[in-house]
Structure formats: structure tokens, C-alpha cells
Amino acid sequence: MATVVEPDREKAAGEPESKRLVGVVAEFETQDALLSASEKVRDRGYSRWDTYAPFPVHGIDEAMGIQQSKLPWLVLGGGITGCTIAIAMQSYLNGVELGDLPFTILSGYAYPTSGKPLFSLPANIPIAFELTILLSAFAAFFGMLVLNQLGRLYNPLFKLEKFARSTNDRFFLGIDSADGKFDKDSAASMLSDLGASSVETVYDDESPAIPPMFRTIGVIVVVLALIPPVCVAWTRATTWTTPRIHPVQDMDFQPSYKPQQRNIFFADNRAMRPQVDGTVARGEFESPEDEELLEGTLPPSAVEVREQLIQFASLLQDSSGGNAAAAPGEPQGNWTDSIPVQVDQKLMARGRDRFDVFCAPCHGLAGDGNGLVNQRALDLKQTTWLPVPSLHTKTTRNRPNGYIYHAIAKGVRKMPGYGTQISVKDRWAVVLYVRALQLSQNAPEDAVPADELTKLQSDNATDDASN
């Protein structure tokens, strides 16, 4: 784009008609001269003119008669617009539902929540505040650009050779040809009389037409931009027999499995996943150093004491009493004989509940080894099925509590472990209930109340006599 600068030049013969008169520009050597000239131009009634200086000149606004900026009003308008849009948008989208009326693409959704009103001003304040700030900022930014006519990539004044000194040591005053009182000769003469060191007339070329290629590109962009809203409107206005398009699926369509189902994604083909080693359920953290509680075994220091007690007890008991020797393949350890949790009726009830859920299907509700699973397996004559042992055998009764706890947690022989399904405290509750079951059928005489013992002995005597 070319600019022709011809100071005090009349249009020559043959000059292209595309040249446009921009105005006249005067150069001043001092800021005082610029201030004085500005006051004179202001008093002459010119309205479209400006001054250019290498630094801010104090008093130039008053000398030019610049009115207060319109930018604050633009910012206020932007803020009011943003607040209004936010309130209207929220009240409509959250409280108005057009139903089957036409143009449902613009319908909101009336969502009553817990009996609250569909529209409540306090709930809408955050969005209203944010949109008010956003549009106010937009109004300030873009309003400043428009009012200052910024964003231009070209200005005819930049072609003036002397005008380059406006950023260094010279002051300029330019009168636009669009001013209603503008006359090139009279304006140039006035500026010369006001003390300008030089006055130049500025011409500009007409802006070239937009190349056809850019017009074609613009049409293509507009057409492409219309495709998404047209598709949305077409989709909303059409009755479909297939589910809606779900572009953001998140985890809405993930495969689901039932318990005990097969899932080839995992190496063990189990859909139910065991707990990750080392994980502890919230509120059930136990000190890993509490070996007796977590493993059912005694720490080394206690083992030594226990061995001494076993040696002492072996003198008083027969070879089958105490801690029975472990058969090949059975877990071994320095099992504890205590129950390291608080024993009460609540723990006993919990143990019965867990026993009925996890143990009774095989061991039976009475612990005699005749549960429904065992009965079914025997009916089917399963060759690989091993009969479930009774919990009332002498061997089982003589097992330490730690052994039973370990069998529940880790399993024994073909019995699987239930450590991932039964918590630590519940395992000890089951141990307690197993002991109660065993005691119910093998209680010593001194454990039976005297009146009950007398009644039992009387009943037995009657039965013997009748036989």
C-alpha cells in the first residue's frame, strides 16, 4: 500500500484519481509551541484533529478541549449486559421447560430439587458476578481499541519522513480532511501562522480491493461454520429410532460383570478382583507389628515362654492333648491360644452371623460338617470332593485358636481362605463362635449349671432304666 506525501502540492495533471487527501500536518519544535497552537486550533472550532509528541505533554488535554472518555460508560454497559444475560439465562434454563412446543432447541429444563424454588436469586449470584466481570472486561478492552482507532496496520502519517521524529524530539499537529471546517489552503496557512516550522499535505492511496481468493476463502469458512448449528437443529427436530449420539461417553458404557462371572481380561479369568496386597479398609488399620492379632501366632519372645509351658504341660497331658502336631501340608506356626480382641455377647453374635454366611454352607449350622454344599456334592458323587470334617472332633477341638484363625484367613487343605471377605475382628468372632459350638456338645461337667446337671443325670437314669 503506497502513500504519497506532497507538502503544499497541488494535484498535478495526470495524477491518479485514487489519491485521497488525508489532511495537513504541521511540525513544531517545542511543546509550548504545540500547546499554544492547539489552543488556537481548538478555538477555531476544528473537531477532527490530533497532536503527536514523544512524551506526555501536561495540559494538552485542556489545550485540545478533549472531553471525558466514553470508555467508563461502555464498561458500565458491558457489566449491566453481562449481569442481565446471566440472570435471564439461568432463570430460563433452570426454570422454564417448553415441553412439546416448537423450537424446543431453545427450551430449558425445569429441575425441582428438594422442593427448592426453580429460581432463586442468591443461587444465581456467582454466575451473574462472573459474567458481569467478563463483559465489563471485554467492553474495556475492545472499547479502548475502537475509541483509539487501534488495530490499524497502516497509517498514512507513517510515510512522512519528518513524522518519524514524533517519537524523538519533534511535536506534530494534524488536521483531518474529514473535519467539517477543513480547507487545505486555509488550514496550512493557519498552522504556518501558529509557528509551525513546516506544514505538509498528506495524500493516501485508496485501499485496494480484497483479492478474489480471500473472498472465496471467506465464503467457505462461513459455510463450514454454519454446518454444526444446522446439524444440531436437524438432530433436535428429527425423530430417531436409534439412541442419541453420545460424544462424551466417560464411563457410561463400560462392560459390567456379575459376581462369580468369568472375565478373560484378567489372567485368572475372575471378574471379582481380590484386594490389592497391603490395602487396608478405612477404619480397620491394625498395627502390622501385632502378629498375634493379624496372624494368630505369637511373637518370638512369647514363643520361648510357650515352649516352656508346653514342655511342662506335656508331663501332665497325654500325647494327643495341647497343640496337635501338624499333618503334612497343613500350616505350621506358633499358634496363640487366646483371642486378642474384646470378648462379649456382641462379638459372639457377630461370629454366629459370619459363621452362618461363610462357614455353614459346608460345615453346617451346627458345625458337624454336613452343610448343604457337602450334601449336594455327596449326592452327585463328586469324585474330587472331600467330605467336610466336623468341627467337634477331638483333633479340631484341640487346635489352638490361632490355627483356626489362620485357617479362616488363609485356608487349609482344599478349603479356600476368606481373608479378603472377613475382616480381622470378624475372623476372631468366628473363632469364638466355633469354640461355643464345640463347647455346646463337649462341655465338661463343671461347666454345666448344677440344676441342669441334676436334670440331665436324672433323664439319663430314666432312659437307662427304660432300656
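Criteria and cut-off values
Residues numbered from 1 in each chain as written. Predicted model: local features only at pLDDT ≥ 70, side-chain atom pairs only at ≥ 80, totals over all residues. Heavy atoms only, no water. Helix = DSSP H or I, 4+ residues; strand = E, 2+ residues; numbered from the N terminus. Buried < 20%, exposed > 50% of the residue type's maximum accessible area, 1.4 Å probe, protein only. Contact = heavy atoms within 4.5 Å. UniProt positions renumbered as here; feature names shortened; annotations may be inferred. Salt bridge = Lys/Arg side-chain N within 4 Å of Asp/Glu carboxyl O. Core = buried A, V, L, I, M, F, W, Y, C linked by side-chain atoms within 4.5 Å. Patch = residues over 30% accessible without salt bridge, like charges linked within 9 Å, V, L, I, M, F, W, Y side chains within 5 Å. Areas by Shrake-Rupley, 256 points an atom, 1.4 Å probe, with all protein chains shown as cover. Pairing = 2+ DSSP bridges. Axes fitted to C-alpha atoms, helices over the stretch in contact; angles between N-to-C directions.

1. Some remarks on the overall build of the chain
Next up, step 1: When its secondary structure is counted, the chain shows 14 helices and six strands.
Next up, step 2: Per-residue burial for the chain yields a buried fraction of 27% across its 467 residues.
Next up, step 3: Of all intrachain contacts in the chain linking residues separated by at least 6 positions in sequence, the fraction that spans at least 24 positions is 70%.

2. What to know about the UniProt feature "transmembrane region" (unreviewed entry) in the chain
Next up, step 1: Residues given the UniProt feature "transmembrane region" (unreviewed entry) here are residues 73-93, 127-147 and 217-235.
Next up, step 2: Spanning residues 73-93, this segment combines 100% helix with 0% strand, and its end C-alpha atoms are found 30 Å apart.
Next up, step 3: The span residues 217-235 shows a helical share of 100% and a strand share of 0%, and its end C-alpha atoms are spaced 28 Å apart.

3. Focus on the pattern of salt bridges
Next up, step 1: Summed over all chains, the structure comprises nine salt bridges.
Next up, step 2: Ionic pairing is found between E27 and R170, a salt bridge with its closest N-O pair at 2.9 Å. Of the two residues, E27 is situated in strand β1 (residues 20-28) and R170 in the loop between α4 (121-147) and β3 (171-176); the sequence distance between them amounts to 143 residues.
Next up, step 3: Salt-bridge contacts for D43 lead to R42; the nearest nitrogen and oxygen are separated by 3.1 Å.
Next up, step 4: Of the residues examined, D43 reaches a relative accessible area of 56% and is grouped as exposed.
Next up, step 5: Judged by relative accessible area, which is 31%, R42 ranks as partly exposed.
Next up, step 6: One network of salt bridges, in which partners are shared, links E27, R165, D169 and R170.

4. Regarding the nonpolar core
Next up, step 1: Judged by nonpolar contacts, the single largest core of 24 residues is most densely connected at F28, V41, L173, I175 and L191.
Next up, step 2: Elements with a minimum of two residues in this core: β1, α1 (31-43), α2 (60-64), β3 and α5 (184-193).
Next up, step 3: Setting aside anything within four residues of it in sequence, one finds I175 in contact with V22, G23, V24, V41, Y46, R48, W49, F182, A187, M190 and L191.
Next up, step 4: Counting residues in each nonpolar core, the second largest holds 23 residues, with C359, I408, W428 and V430 among its members.

5. A short note on unusual backbone geometry
Leaving glycine out, the prevailing phi sign among residues is negative, and the prevailing peptide bond configuration is trans.
Next up, step 1: The phi dihedral of Q149 is positive, around 50°, even though this residue is not glycine.
Next up, step 2: Residue position: Q149 is located in the loop between α4 and β3.
Next up, step 3: Although it is not a glycine, N269 sits at a positive phi angle of roughly 60°.
Next up, step 4: Here N269 shows up in the loop between α6 (212-236) and α7 (291-295).

6. Some words on a nonpolar patch on the surface
Next up, step 1: A cluster of nonpolar side chains, F119, L121, I125, F129 and I133, forms an exposed patch at the surface whose accessible area comes to about 480 Å².
Next up, step 2: Using a relative accessible area of 46% as the deciding quantity, one classes I133 as partly exposed.

7. Topic: the sheet that holds strand β4 (residues 198-204)
Next up, step 1: One open sheet accounts for four strands, arranged β2-β3-β1-β4; its pairing is antiparallel. On the outer flanks of this sheet lie β2 (49-52) and β4, each paired with one strand and no other. Across this sheet, the average inter-strand angle for adjacent strands is 20°, counted without regard to direction.
Next up, step 2: As defined by bridge partners, β2 adjoins β3 across four bridges and the pair is classed as antiparallel. For D50, the partnering residue across the bridge sits in β3 and is G174.
Next up, step 3: Contacts between α1 and the sheet are confined to β1, β2 and β3, with β3 contributing the most and set at about 20° to the helix.

8. Quick notes on the pairing of β1
Next up, step 1: Counting buried positions over the nine residues of β1 gives seven, a clear majority of the element.
Next up, step 2: Judged from the six bridges that link them, β1 and β3 form a sheet pairing that is antiparallel. Of the residues in β3, the one forming a bridge with G23 is D176.

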